[in-house]
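Here are the chains, one letter per residue:
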Amino acid sequence: MKMCSHIPSPVFSCEYDADRIYTPDQLVVLDILAHPLWIFDSVQRRMRWANKAGLELWNASSREELLCRSFQDMSESSVKRCEAFILECEKGKTVSDEWTLYPKGKAKTVHMSVTTVKMSHDDEHHCLVCESIPYVMEELSKDKTRGVEMLRHLPLSVCQFDMQGQIMYQNPEAMLAAECVCDMGEIIQDLPQSSQNADEEGDDSNDTNSVNTSSNSVNTSATTSTCCSSGTLRRIREAGCLMNRFVDPSVGEKALRDIQSKLSVDLEAELMTRIGPRCCVVQLRRSKDPVTSEDAILFSARDNSDAQRAEKERKAREQKSEFFAIMAHEIRTPLHQVTGFIDLLDQTMLNEEQKSFVNLLKTAAKGLMTVISDVLDFSKLEAGKMKLETIPYEPLSVIKGSLEAVQQSCDERNLYLDLKWDKSIPFIIKGDPNRVRQVMLNLLSNAIKFTKEGGISVNAVADEKKGKPIVKFTVKDTGAGVADEHKSIIFRKYQQANASVARQFGGTGLGLSICQLLVHSMRGSIGVESELGKGSSFWFTIPAEQPGDNEEVGASDDDPAVDCRSLHILVAEDNKVNQKLISKMLKRIGHTCDLAANGKAALDKIEKGHYDCVLMDIQMPIMDGLEATRRLRTMGYSDLPIIGLTASVARIDFKDVGFDDWITKPVPMKFLKAKLSQIKQSS
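Parameters at a glance
Residues numbered from 1 in each chain as written. Predicted model: local features only at pLDDT ≥ 70, side-chain atom pairs only at ≥ 80, totals over all residues. Heavy atoms only, no water. Helix = DSSP H or I, 4+ residues; strand = E, 2+ residues; numbered from the N terminus. Contact = heavy atoms within 4.5 Å. Areas by Shrake-Rupley, 256 points an atom, 1.4 Å probe, with all protein chains shown as cover. 1 Å grid on protein atoms, 1.4 Å probe; cavity = no way out; pocket = protein on both sides within 12 Å on 5 of 7 lines; lining within 4 Å. Points joined across faces, edges and corners; volume = space filled by probe spheres on them. Nonpolar A, V, L, I, M, F, W, Y, C, P; charged D, E, K, R; others polar. Phe/Tyr/Trp six-rings, centres within 6.5 Å; stacked < 30°, edge-to-face > 60°. Lys NZ or Arg CZ within 6 Å of the ring centre and 35° of its normal. Pairing = 2+ DSSP bridges. Axes fitted to C-alpha atoms, helices over the stretch in contact; angles between N-to-C directions. Disulfide = S-S within 2.5 Å. Buried < 20%, exposed > 50% of the residue type's maximum accessible area, 1.4 Å probe, protein only. Patch = residues over 30% accessible without salt bridge, like charges linked within 9 Å, V, L, I, M, F, W, Y side chains within 5 Å. Salt bridge = Lys/Arg side-chain N within 4 Å of Asp/Glu carboxyl O. Core = buried A, V, L, I, M, F, W, Y, C linked by side-chain atoms within 4.5 Å. Parallel < 35°, antiparallel > 145°, perpendicular 65-115°, else oblique. Left-handed = near helix turned anticlockwise from the far one by under 90°. Expected span 1.5 Å × (residues − 1). Polar contact = N/O pair within 3.5 Å; in protein donor to acceptor, adjacent residues only side chain to side chain. Lys, Arg positive; Asp, Glu negative; His and termini not counted. Charge placed at Lys NZ, Arg CZ, Asp CG, Glu CD. pLDDT = per-residue confidence, 0-100.

(A) Spotlight on the overall build of the protein chain. Scanning the protein chain from N- to C-terminus turns up 21 helices and 22 strands. A fraction of 63% describes how many contacts in the protein chain between residues 6 or more apart in sequence connect residues 24 or more apart. Surface accessibility of the protein chain: about 35,700 Å² in total, with carbon and sulfur atoms responsible for 51%.

(B) Empty space enclosed by the protein, seen in detail. Under the defined criterion, the tally for this structure stands at 2 cavities of 30 Å³ or more. Size it by volume and the largest cavity reaches roughly 40 Å³. Lining the largest cavity are His336, Ile582, Met585, Leu615, Leu645, Val667 and Leu672. For the lining of the largest cavity, the per-class residue count stands at 6 nonpolar, 1 polar and no charged.

(C) Region of the structure containing the environment of Leu419. One can find Leu419 in strand E12 (residues 416–421). Once residues within four sequence positions are removed from consideration, Leu419 is found in contact with Leu396, Ile399, Lys400, Leu403 and Val458.

(D) Structural view of the packing of aromatic side chains. Counted by the stated rule, this structure contains 6 aromatic pairs. Taken together, the ring pairs connect Trp38, Phe40, Trp58 and Phe71 into an aromatic cluster. Residue placement shows Lys472 over the ring face of Trp539; its charged tip is 5.0 Å from the ring centre.

(E) Quick peek at the sheet that holds strand E4 (residues 108–117). Spatial strand order, E2-E1-E5-E4-E3: 5 strands in an open sheet with antiparallel pairing. The open sheet has two edge strands with one neighbour each: strand E2 (46–50) and strand E3 (95–101). Within this sheet the neighbouring strands show an average axis-to-axis angle of 35°, counted without direction. Direction of pairing for strand E1 (residues 37–41) relative to E2: antiparallel, over a ladder of 4 bridges. By the bridge assignment, Asp41 is partnered in E2 with Arg46. Relative to the sheet, helix H4 (residues 76–90) contacts E3, E4 and strand E5 (127–132), its axis offset from that of E3 by approximately 160°.

(F) View of the state of the cysteines. Counting across every chain of the model gives 0 disulfides. With no disulfide of its own, Cys82 has Cys130 as its nearest cysteine by sulfur position, at a separation of 7.3 Å. On the basis of relative accessible area, Cys82 is assigned to the buried category, the value being 4%. Free of any disulfide, Cys279 has its nearest neighbouring cysteine sulfur in Cys280, separated by 6.7 Å.

(G) Local environment of a nonpolar patch on the surface. A contiguous nonpolar patch, built from Phe323, Met327 and Ile331 and spanning about 250 Å² of accessible area, is present on the exposed surface. With respect to the helices and strands, the residue Met327 is situated in helix H11 (residues 305–346).

(H) A look at the nonpolar core. Among the nonpolar cores identified, the biggest contains 40 residues, and Leu444, Ile456, Phe540 and Ile542 are the most heavily contacted of them. For this core, the elements supplying multiple residues, two or more each, are helix H13 (395–412), helix H14 (433–449), strand E14 (455–465), strand E15 (468–477), helix H16 (511–521), strand E16 (525–530) and strand E17 (536–543). Here this core takes 8 residues from H14, the largest share from any one element. Ignoring any residue separated from it by four or fewer positions in sequence, one finds Ile542 in contact with Tyr393, Ile429, Val436, Ile470, Val471, Phe473 and Met522. One finds Cys82, Ile86, Val95 and Trp99 within the second-largest nonpolar core, a separate group that totals 24 residues.

(I) Quick look at the pattern of salt bridges. For the coordinates displayed, the defined rule picks out 21 salt bridges. Here Lys91 ties to Glu88 by a salt bridge, and the two come within 3.5 Å at their closest N and O atoms. Beyond isolated ion pairs, a larger network of salt bridges with shared partners links Arg278, Asp303, Asp306 and Arg309.

(J) Seen up close, the packing of helix H18 (residues 599–608) against helix H19 (residues 625–634). Orientation of H18 relative to H19, taken along the N-to-C sense of each, is 30°, at an axis distance of 8 Å. Viewed along their axes, H18 and H19 adopt a mutual orientation that is roughly parallel. Between H18 and H19 lies a crossing whose hand is right-handed. Within the contact between the two elements, H18 uses Gly599, Leu603 and Ile606 and H19 uses Ala628, Arg631 and Leu632.

(K) Representation of the pairing of strand E7 (residues 167–170). When strand E6 (residues 157–162) meets E7, the two strands line up antiparallel, connected through 3 bridges. Residue Cys159 lies in a different strand from E7, and its bridge partner there is Gln170.

(L) The arrangement of H14 in detail. With 17 residues, H14 extends 24 Å between its outermost C-alpha atoms, agreeing within 8% with the 24 Å of an ideal straight helix rising 1.5 Å per residue. Where H14 begins, the capping side chain belongs to Asp432, and its oxygen is found 3.2 Å from the backbone nitrogen of Asn434.

(M) Geometry of a positive patch on the surface. A cluster of basic residues, Lys580, Lys584, Lys587 and Arg588, forms a positive patch at the surface. In this structure, Lys580 sits in helix H17 (residues 576–588).

(N) Up close: the packing of H13 against H14. One can describe the packing of H13 onto H14 by two numbers: an axis separation of 9 Å at closest approach and a directional angle of 30°. With respect to each other, H13 and H14 are oriented roughly parallel. Here the hand of the crossing between H13 and H14 comes out right-handed. Contacts between H13 and H14 involve Val398, Ile399, Ser402, Leu403, Ala405, Val406, Ser409 and Cys410 from the first element and Pro433, Val436, Arg437, Met440, Leu441, Leu444 and Ile448 from the second. Class assignment of the residues belonging to the contact of H13 with H14 gives a composition of 12 nonpolar, 2 polar and 1 charged.

(O) Layout of the confidence of the model for the protein chain. Looking at the protein chain as a whole, the pLDDT averages 77, with 76% of positions reaching at least 70. Residue range residues 13–17 is modelled with pLDDT below 50. Its contacts to residues more than four positions away, or to other chains, number 10 contacts. Contacts of residues 556–564 to residues separated by more than four positions or lying in other chains number 22 contacts, the stretch itself having pLDDT below 50.

(P) Inspection of the sheet that holds strand E20 (residues 613–617) at higher detail. Pairing is parallel in the open sheet, where 5 strands are placed in the order E19-E18-E20-E21-E22. A strand with exactly one partner marks an edge of an open sheet, and here the two such strands are strand E19 (592–596) and strand E22 (661–664). Direction aside, neighbouring strands of the sheet carry axes that sit 20° apart on average. Sheet contacts for H17: strand E18 (568–572), E19, E20 and strand E21 (642–646); angle to E19, the most-contacted strand, approximately 165°. Taken strand by strand, H19 contacts E20 and E21, and its axis lies near 145° from that of E20.

Now the structure itself:
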């Protein structure tokens, strides 16, 4: 569809009032025009009027005969084309386009100028006024040349088949697919009619004399023509068959049957392409051959394999994430009970042997929690579901807290642990302090694990990358080191330097993968410098963006707990063992509590009593913690601190729901005390 400046002006144009009514009597004067003009109702799919030249174009014996013709078998593409014409005309444009018509089965290609009119006061829609305008042959030749070149370079398979599914025409992309089907080593192009005749005559000899490369054959390769036997030609012709384009020919057979009874067929199927079998979006349309005027099938195929693979991978990630979320809840709940009661047991009167047993239990529980956390963290990071914070924090405080967390492990191994801090590093930067701490702890734990003597040094320096400030952290150990051939794999998931490392030191092989994903999520980089037998230096960088004047410094998970006065707390928890555990913990750290078995019971207790804080489990029967919290906020309890308790790793926006804070199970007693202290201070 286009506006053409090189054609004569049409009789009708949108300069006329498109809503003016034109009766047949008023249109009789147009019979004197030498070029065809007709009015077509694209909604009712019938002719409304035509001049004498138009009757000749449409091979009509009279105007009445033309008006009685049915156009109900118009193709879907033709209907859409008419709709596009009307839309353009409503914008005040006169549309020019080229169209092949089939009056009484005879193909005629005309250049048309199209506008719209109404034929009756009863008409609720416009009709198309079509004029066949003489076209300058030079311009026609240019447009056809452009059209052929566009089709030639189109990266889609486009073919025309007859109604029996035999190839009539194909663009080069489709030819390459046909080559793949017949498994030939050279590009197969359209075959001249003479070589097909020779095959039908059963000549199995060399086709050098039987193939005639006439000027009418399209894209014929002389080399191919003179070297193909009749058996090869038969295979090529069979490859061009519609059914054989499909990896599963039965799918092609069904598509052919469908298009023989319908105007269009859309499907997704595996097709043979120039790069092998691919999943494609296939469209079949009934049309007319512009040369013979016979019914034909227009075929196009768009490769959709990459999109389908991406969609499958997305669904697989979602399913894996959902699986891990369920497993996390089922695993974390009993683990929360185990670690909690170990903490309570540790604070009772124990003899030396019992104390050692408790310490071993703590170590085992901590190791199990590390494995679970690694797997779950990696799953969330891989699925893009781990939400990072961007808050002001003190990087020195975070790193010192990380070193304090591993100091005991170093002391037990007689390893030194020191820190060198560049004073030019800003005192406060913006980022996620808990994730920085997680990366640092992972690298420190690795260094301790692989270092038998000597120690670990942590170095932090201010630097720049592309003109922006960054902080570079380096964890250097005097351990076993990493061989050059293993440096490229240690950051991959479930990978360790070699099998002996896995046997000797254990672990999931996810620690460094998680570090890499976290650092990249924080817009930083990570790497390693190492020599086998001489230790390793693992480093990572993070942006050192400084906060604005009004931004407050946030707290990280390693901030020390402060003492707080006794609080009266409501614990909403359905699990009986968890109820007992949390109530014992609260009593041990100096608080009193009441218990509620579900969200509805919690609402009733809050309405009847006074509480300083609520510990609200997320998953409970009758009413869960999310709904209970929403209702409390709408009921006017906006100042009541609510801390969520969850064993799930599902992504929940606790702040939007109304929680002041949340704790992921298992909950260490020291951590619970710190959270309650923060809630009390903020209130």
